[in-house]
Amino acid sequence: MALETDANNSNAAAPGDATPTKASGKAKENNNSAGGKKQQNQNQNLVNGNGSAADGPAAKKKGKKNRNKSPPETAAEPVDAALSNGHAEKPTTEASAEVDVEAEADANANVGAGSGEEVKPEGGDAAASELEAEAIALDALHDVGITVNISSPGTDVLSVQLSSMELVQEIHQLLMDREETCHRTCFSLQLDSVTLDNFAELKTIEQLEQGSTIKVVEEPYTMREARIHVRHVRDLLKNLDPADAYNGIDCTSLTYLNTITQGDLLDKKKTRPDSVDCTPPEYVTPGVSEPPLLPLHPNVKNAKGPQALKVLTTSAWNPPPGPRKLHGDLMYLYVVTMEDKRFHISACSKGFYINQSTDDTFNPKPDNPSHLSHSLIDLLSHISPSFRRAFQTIQKRRTMRHAFERVATPYQVYQWASPTLEHTIDAIRAEDAFSSKLGYEEHIPGQTRDWNEELQTTRELPRKSLPERLLRERAIFKVHGDFVTAATRGAMAVIDGNVLAINPGEDAKMQMFIWNNIFFSLGFDVRDHYKELGGDAAAFVGPRYDLHGVRVYNAVDVEGLYTLGTVVIDYRGYRVTAQSIIPGILEREQEQSVVYGSIDFGKTVLSHPKYLDLLRQAGKHLKILPHAVLNERDEPVELCSSVECKGIIGNDGRHYILDLLRTFPPDVNFLKLPEVQLSKELVEMGFPIEHRHKLCCLRQELLEAFIEDRYVNFIRFAAVHLQQLNAKKQTEKADEDQVPAIEEAEKENVEPKKNGTEKSDDKEEGEEKQQQPTFSETKTAEAMVNAIREAQSNVASSNVVQAAEVVQRACAAVGSLKEKEFDFRFNPDVFSNGIRHVDGEEGTCSSLAKQKVLVQDAAEFLVLKQIPEFIKEHLSHSSPPIDGQSLTESLHSHGINVRYLGKVIKMLGQMPRMEYLHRIAVLELIVRATKHIYYTYMQNTEPLQLSAAISHFLNCLLTSGPVNPAVSSEEAHKKRSNGSKHNKHKSSKGGKQQQQSGGSQNGGASATNAGASSGSDWTLVTPRSLWQQIRREAKAYWDWELECDSIETAVSKYGILRISLLRAFCLKVGIQVLLREYNFESKHKPTFGDEDIVNVFPVVKHISPRATDAYNFYTTGQAKIQQGMFKEGYELISEALNLLNNVFGAMHQENGSCLRMLARLSYLLGDAQDALAIQQRAVIMSERVNGIDHPSTILEYTHLSLYSFANGHVGMSLKLLYRARYLMVLICGEDHPEVALIDSNISLILHALGEYELSLRFIEHALKLNLKYFGSKAMHVAVSYHLMARTQSCMGDFRSALNNEKETYSIYKSQFGDKHEKTRDSAECLRLLTQQAVLLQRKMNDIYSNGKLTSDLPPIHITPPSMGSVLDMLNTINGILFVQISQKDIVKVRSEIEKHLKANSAEIQVKDAIQSIMAAANNNGESEAEALKANKEQLTNGIEASESVAASS
């Protein structure tokens, strides 16, 4: 299948470059270089490009069908990304109707007639004209297929199907990827002897028609082309080597799916009997205590592929001297073949030949025979037979791999465990490491990249039509990806001491750096800037808060307001902030350049009309209240952001904002403020807690949930009053048949909503708002709003005054800022020290008291509403967090900051049914506390001793055996004397932080002495001292008592697995350990030695750009699915996938979640084969983009096993489940509701294969977990009992089977009553079992009494289950029901809702009623809706939902 990356790459080479190369995928989009117009047209094409053509027509079709499909998947995204999603996708002025229509148009256009009769979304008429405009734009996106023949020297003619929209460039890419032509890089394509322009679209070439033949013509090399060629050859040779993935370079990463399934899942011939060894490995069976580490990376031994050459490097004779240059020599290479022959090779414009030089004499004349070849591969194949063989093998294996295994990921994924890798000679790697440029940059005109210019120009691209938006988003994504790569590389160079500071004379902590046009600063409190806010602690978190600010302003995307490219990198214990540079800022002092905001925390404050205008637009979305403060001359100055936010106009005339660390209001629960009196409940819970720094802010998700909650109350309040008024009025004017306002609104319910005023604006389309009311609830809310609006505008009532009064009372009741309309915005500076506010009159927007109360209310809402809501949501275990990362994401989506983790743990601790979540939360808290200590510890360690220090730290954390650090006393003495000289970035932060963590409880008395001065201080840490520090840190930071003082007590008290702690900690701080089995109980020698620490990696935080159109398609698709229209949903989501491919290329997290959704839909629509093919790509993508042991990877594996079972690959589906279970246990242990689901699946499949004993072990374990987490009356438990009964009856143990089936029966009976079909089925099952049990007993008695069988009793039937029945059962436990909802049902449900509403209009019951009815409606058709709603759409056990609904209906 053609690689989608080709499309990326073709973008990369600058105009006029004949050949992009692998790395040029990373090169920049050169819109501002010469040839911009060609580039434009090239981009245009790439926007819709289907990647490049595939290997022949068949593959092309496949490419079209499954072009990797994907939605934004909030949950699984790194937190940053998740947050960047979904807020204010568009300026709210374009009504959302436009989005839908566009979506619709695009879907119809691209999907073809299939969805022509689509139901138009609401608001259709309004946007009809839009629709036509869009349709035209979409035609531009549409392409015609064309088949051409390509003839290249030495191979057969190749026939390829291409799209007329593709560039000639993409044929290049295609040829460089195909097995027979991949060794050519320097060639041109000719049609009728005319060379084609690389950047022309195929449809612009006049002579090109169906069946034309394009010739590949070898071109003469230049120096640059020769280097590209050598690099390409080296890439081909090390294609299979996983070393790059382990070392974390070039965006390579691992995938093991094909190792686990032993080859491609889809190649399986149906006929082959699936003779399976289904015994699970030891570490997969229930009851495993510590899972081993080695199976995490299966097949490490033979991953590499054969070696083709011993050495291929540039020769030391380079560059060619003058005389040789004039003979055409370009460069010299040196090769040692596997036969141990040494060759010196010259590159000239005609190709490569062997010269007569040796290691110590230079003789560049051609050897005899010289084997001149245009391609280096051909030359090497001539001179070395073993090279020829090895190269063919590598090629075969390379082309057998799935396309997704070869594409680069958008951002680097790091592995936390790695086998020992042999280090080979590689000149190109060496050259890359020491050149300050990134790999291919020398091939870009203009040399170093002006990051700021690129980041800002891409944002300025037009965005009116769909093609323009795709082009813009794609450009933004590309530049952003390159910027993150460059920033990460620069930050590592800074910490490794490889970059000269711009202020080398100052103290190491105060130094700043510029490298590759990026500005780097360290996270220390320079010049006491943060002195008042918490010193180094504030300076350390500042960059992260700033990044949040950049994220939300980027998401609002106000034209004309610019933010800096920002990446925050944690590496070796230091925090580095990388930013793009505002033009001109280095030439002047900061004081002169700031035109808005304050550089001294509010003493002097400036304002600027243009900034006010831009920030006011952004503030509308972000709920920031414009407010006035006094400057040093006591004049009021108006601001629309926090005081710290600075506005600087760059030399390029753009308006930049920076220092956004206080974008959102402060969290008063973590500030000790004399003027704030918290409510009684909060004080009882121990608030306010004094935090290390004063920068704590509330999250955007929280503010949205808070406003939404207030909004619902406001509507209820107003609706109740209005109804009372209307009732009065109706009795007064019975003669006029006046329609009560609320009924009027009810009718509007059906019409598209037309009023887009403030009130509904407040419903931000926050993507991750867990609290989103259900589909129709929002509508009813809107209906009520309309009612009130009409009341205000004198439509529904003649008495305007009364209606206005209702609104006023409702506003007062919910605490709105304005008296007469619903207005909630926050003043971020309201509690900041040293800022003097201008107080408005009582009761208006500008009243300070009102603003303070609002901020306090929001903080209280977090504790009293959101945390309980979070816990309540996880009680159903529908998509339970699996590790600390998924827990954090879930907390964030509710607007809960991680500093509340202690309080969350306290609440979870009281709920036995939440034990697994409690354990995950405790583990996360320990890891985070340890991280704080580790960073300080690392800053006080010399580079010489890093591996010894890290292994010592891990020993102290994870073992209680001997931990003697490997440093002899004289060395320690030496180091003590001169330690301080080496350690350049040594910081006193250590002392400070520990003092804070150690002593904040008792007045700073007990600071540990670890922050002293010497570089070998790390040797003083012991397990005991480390765990005491962790306890102190937990108390100081989270106000939570960690009741353990060693790893043993942590393991026994909280049930934490050491290997899970090791994994979580390594991922959190960027350590890579050696892949081997660690004996944590070792009593004689330390568990970790210094050779066990393989590497340290940066931990990178940045903002992932979004694909708005794709996201809109995806959400529209989801809505369709929830209404039961799977086909339409499928088409919309496929379209979303196409758009995502356009913006992100083939590999991206969001593409992965789209693929998973499509696979699930295919399966529901009955196409299990398609589901398997799509899900296979989802698994590979998740492994590559999220990591091989990421929670979403586990999820993808479980889905894949179901589909492969449905396709008859029984053994395969077991292997996949074993892998999923192993990863699950590795991450969080066996005690987790997801493990129960996996075990039920395994048990069922083993049962199908007749392995009854094994099957029973798994189902018993699942039953135990289900009883624990769902209670004895739950459906899950009933099903588990039933499955046990099935297995036992097959084993002939009828008595136990009977007892278990009785349990099932009693649960069904108590939940559903006697008449229900489930209860009847169970009764029938009981009858059969009793019959068999009686028969068996009679036979036994007969044998006992007579010693042999006398009566001829009928034989006992034990029928093994059919595959079909097993599949049905699998579908049931995985929550998949094949039921279609008819339109009639939906209409019925809607009318019921409306009746219901009229009955108890808008009282508190509104919400509950709608939700229960909607839930019933959805479940009626699919427990699927449940599954798809769950944010990560885990395989939910849909039985419960569907069956309880069946009961209620």
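Keep in mind that this is a model prediction, so the values were computed, not measured.

## Section: helix H48 (residues 1363-1373)
And then number 1: Along H48, the positions that sit buried rather than exposed are Val 1366, Leu 1367, Met 1369, Leu 1370, Asn 1371, Thr 1372 and Ile 1373.
And then number 2: After H48 finishes, the residue Gly 1375 shows a positive phi value of roughly 75 degrees.

## So, the sheet that holds strand S22 (residues 1093-1096)
And then number 1: The mixed open sheet is built from three strands, whose spatial order is S10-S21-S22. Among the strands making up the open sheet, the edge pair consists of strand S10 (417-418) and S22.
And then number 2: Taken together, the two bridges between S10 and strand S21 (residues 1071-1074) define a ladder with parallel strand orientation. Each residue of the ladder has a partner; that of Ser 418, found in S21, is Leu 1074.

## So, the environment of Gln 456
And then number 1: Here Gln 456 shows up in helix H16 (residues 451-460).
And then number 2: Leaving out residues up to four positions away in the same chain, Gln 456 has contacts with Tyr 562, Thr 563, Leu 564, Arg 654 and Tyr 656.

## Considerations on the pattern of salt bridges
And then number 1: Enumeration according to the criterion identifies 60 salt bridges in this entry.
And then number 2: Of the charged contacts in the structure, one is a salt bridge between Arg 459 and Asp 557, with a shortest N-O distance of 3.0 Å. Here Asp 557 lies in the loop between helix H18 (535-556) and strand S13 (561-563) and Arg 459 lies in helix H16, a separation of 98 residues in the sequence.
And then number 3: Owing to a relative accessible area of 19%, Asp 557 belongs among the buried residues under this scheme.

## Describing the pairing of strand S19 (residues 646-649)
And then number 1: Here two bridges tie strand S16 (residues 594-596) to S19, and the two strands are oriented antiparallel to one another. If you follow Tyr 596 over to S19, its bridge partner there is Gly 647.
And then number 2: Bridging between S19 and strand S20 (residues 655-658) involves four bridges; their strand directions are antiparallel. Across the sheet, the residue bridging to Gly 647 is Ile 657, located in S20.
And then number 3: Between the antiparallel neighbours S19 and S20 lie five residues, among them Gly 653 with a positive phi of about 80 degrees.

## Some details on the confidence of the model for the chain
And then number 1: Of the residues in the chain, 74% have a pLDDT of 70 or more, and the chain-wide mean is 78.
And then number 2: Below pLDDT 50 for its whole length, residues 1399-1449 participates in 132 contacts with residues either more than four positions away or in separate chains.

## Notes on the packing of aromatic side chains
Two measures describe an aromatic ring pair: the distance that separates the ring centres and the angle between the ring planes.
And then number 1: Enumeration according to the criterion identifies 36 aromatic pairs in this entry.
And then number 2: Ring plane angle 50 degrees and centroid distance 4.5 Å describe the contact between Tyr 1037 and Trp 1038, whose orientation is recorded as tilted.
And then number 3: Take Tyr 1037: its relative accessible area is 14%, and that puts it in the buried class.
And then number 4: Residue Trp 1038 is classed as buried on the basis of its relative accessible area, which comes to 2%.
And then number 5: Through pairs of rings, three or more aromatic residues link up here, namely Phe 706, Tyr 711, Phe 714, Phe 822, Phe 824, Phe 826 and Phe 861.
And then number 6: Sitting over the face of the ring of Phe 524, Lys 509 holds its NZ or CZ atom 5.1 Å from the ring centroid.
And then number 7: Seen from the ring of Tyr 1111, Arg 1106 lies directly overhead, with NZ or CZ sitting 4.6 Å from the centre.

## Section: helix H29 (residues 901-909)
And then number 1: Of all the residues in H29, the buried ones are Leu 901, Gly 902, Lys 903, Val 904, Ile 905 and Leu 908.
And then number 2: Contacts made by the buried residues of H29 are with helix H27 (848-875), helix H28 (884-893), helix H30 (915-939) and helix H34 (1023-1038).

## So, the environment of Ala 1136
And then number 1: Structurally, Ala 1136 is set in helix H38 (residues 1126-1144).
And then number 2: As for Ala 1136 and Tyr 1111, which are separated by 25 residues in sequence, their C-alpha atoms are 6.9 Å apart.

## Brief notes about the side chain of Ser 381
And then number 1: Note on placement: Ser 381 falls in helix H12 (residues 376-383).
And then number 2: Ser 381 sits in the buried class, given a relative accessible area of 14%.
And then number 3: Leave out the neighbours within four places in its chain, and Ser 381 touches Phe 387 and Arg 388.

## Remarks on the sheet that holds strand S2 (residues 158-163)
And then number 1: Spatially, S2-S1-S5-S3-S4 is the arrangement adopted by the five strands of the open sheet, whose pairing is mixed. The sheet is open, and its two edges are formed by S2 and strand S4 (194-195), each paired on a single side.
And then number 2: Where strand S3 (residues 187-191) meets S4, two bridges bridge the pair, whose relative direction is antiparallel. Note that in S4 the partner of Gln 190 across the bridge is Thr 195.
And then number 3: Helix H7 (residues 168-177) contacts strand S1 (145-151), S2, S3 and strand S5 (213-218) of the sheet and is inclined by roughly 125 degrees relative to S3.

## Structural notes on the nonpolar core
And then number 1: One finds Tyr 553, Tyr 934 and Leu 1042 to be the most contacted residues of the largest nonpolar core, which totals 275 residues.
And then number 2: Among the elements that make up this core, the one with the highest residue count is H30 (15 residues).
And then number 3: Residues within four places of Tyr 934 in sequence aside, it is in contact with Ile 950, Phe 953, Phe 1065, Val 1069 and Ile 1071.
And then number 4: With 31 residues, the next largest nonpolar core counts Cys 186, Ala 226, Val 230 and Leu 312 among its residues.

## Brief notes about the environment of Cys 1044
And then number 1: By secondary structure assignment, the location of Cys 1044 is in the loop between H34 and helix H35 (1047-1054).
And then number 2: For Cys 1044 and Gln 1028, which are 16 residues apart along the polypeptide, the C-alpha to C-alpha distance reads 8.7 Å.
And then number 3: When near neighbours in sequence (up to four residues on either side) are disregarded, Cys 1044 contacts Trp 1027, Arg 1031, Thr 1049, Ala 1050 and Tyr 1054.

## Thoughts on the pairing of strand S9 (residues 351-354)
And then number 1: Across four bridges, strand S8 (residues 342-348) lies against S9 in antiparallel orientation. Bridge assignment links Cys 348 to a residue of S9, and that residue is Gly 351.
And then number 2: The hairpin turn running from S8 into S9, its antiparallel successor, is two residues long.

Conventions we followed
Residues numbered from 1 in each chain as written. Predicted model: local features only at pLDDT ≥ 70, side-chain atom pairs only at ≥ 80, totals over all residues. Heavy atoms only, no water. Buried < 20%, exposed > 50% of the residue type's maximum accessible area, 1.4 Å probe, protein only. Helix = DSSP H or I, 4+ residues; strand = E, 2+ residues; numbered from the N terminus. Pairing = 2+ DSSP bridges. Contact = heavy atoms within 4.5 Å. Salt bridge = Lys/Arg side-chain N within 4 Å of Asp/Glu carboxyl O. pLDDT = per-residue confidence, 0-100. Phe/Tyr/Trp six-rings, centres within 6.5 Å; stacked < 30°, edge-to-face > 60°. Lys NZ or Arg CZ within 6 Å of the ring centre and 35° of its normal. Axes fitted to C-alpha atoms, helices over the stretch in contact; angles between N-to-C directions. Core = buried A, V, L, I, M, F, W, Y, C linked by side-chain atoms within 4.5 Å.

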